[in-house]
Amino acid sequence: MAVNTINEAAYGKLLARTLPRVIETEAENERMIAELEKFDMLARPLTPEEHELTQLMTLLVRQFEEAHYALGHAEPVEALRVLMEDRKLRQRDLIPVFGSSSVVSDVLNGKRSISKAHARKLAEFFHVSVSLFI
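These numbers come from a predicted model, not from an experiment. Counting from 1, residues in each chain are numbered in the order their sequence is written. Given that this is a predicted model, residues contribute local features only at a pLDDT of at least 70 and side-chain atom pairs are listed and counted only at 80 or more, while totals for whole chains, interfaces and linings are drawn from all residues. Note that water and hydrogens are dropped before the side-chain values are worked out from all heavy atoms of the structure.

Every helix listed is a DSSP run of H or I at least four residues long, and every strand listed is a run of E at least two residues long, numbered separately from the N terminus. Positionally, L46 belongs in the loop between helix 2 (26-40) and helix 3 (48-68). Residues count as neighbours in contact if any of their non-hydrogen atoms are within 4.5 Å of one another. Apart from residues lying up to four places away in sequence, L46 is in contact with F39, H51 and T54.

Quick look at the packing of helix 1 (residues 8-18) against helix 2 now. Lines fitted to C-alpha atoms define the axes, with helix axes restricted to the stretch in contact, and inter-axis angles between N-to-C directions lie between 0 and 180 degrees. It is at 11 Å that the axes of helix 1 and helix 2 come closest, and there the two elements cross at 135°. Between helix 1 and helix 2, the angle is such that the two are oblique. Across the interface between the two elements, L14, R17 and T18 from helix 1 touch R31, E35 and F39 from helix 2. In terms of residue class, the contact of helix 1 with helix 2 is built from two nonpolar, one polar and three charged. Here is the rule for angles: anything less than 35 degrees is roughly parallel, anything more than 145 is roughly antiparallel, 65 through 115 is roughly perpendicular, and the remaining ranges are oblique. Three categories are distinguished: nonpolar for Ala, Val, Leu, Ile, Met, Phe, Trp, Tyr, Cys and Pro, charged for Asp, Glu, Lys and Arg, and polar for the others, with Gly belonging to the last.

Looking at the element boundaries, E65 is found in helix 3. Only protein chains enter the area calculation, which uses a 1.4 Å probe; residues under 20% of their type maximum are buried, those over 50% are exposed, and those in between are partly exposed. Residue classification places E65 among the buried positions, given a relative accessible area of 6%. Taking the C-alpha atoms as reference points, E65 and F126, 61 residues apart in sequence, are found 10 Å from one another. Those residues in contact with E65 that lie beyond four places of it in its chain are N29, I33, L83, R87, F126, H127 and V128.

As structure tokens, this is what we get:
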């Protein structure tokens, strides 16, 4: 989306409410992820202003996590396990990403690899680079 398509006043209000800034602590990272999850839970498409804000927050989270979590060289399933553990998620929490509990189980037990479609969904779900899962 082009920057000139957003309502600056509306965007300013969103910025004031969420206060995005460079993330330096785990608590700040968790707060930013919680803000992103609020947008994920909306039962409607994002406004242009919300879309711009979620892109900014995703970049901030990605920057912090790439600097603080050495997942870049991990196997995709191991990266998934670490992200699940960090966020205290269980297999059932990933059913919306994989579509069924059996697929989640097969992936986590190494019986099935992470597909490109699942990698994209996981990246969106965790707000990380898709390259972690490929």
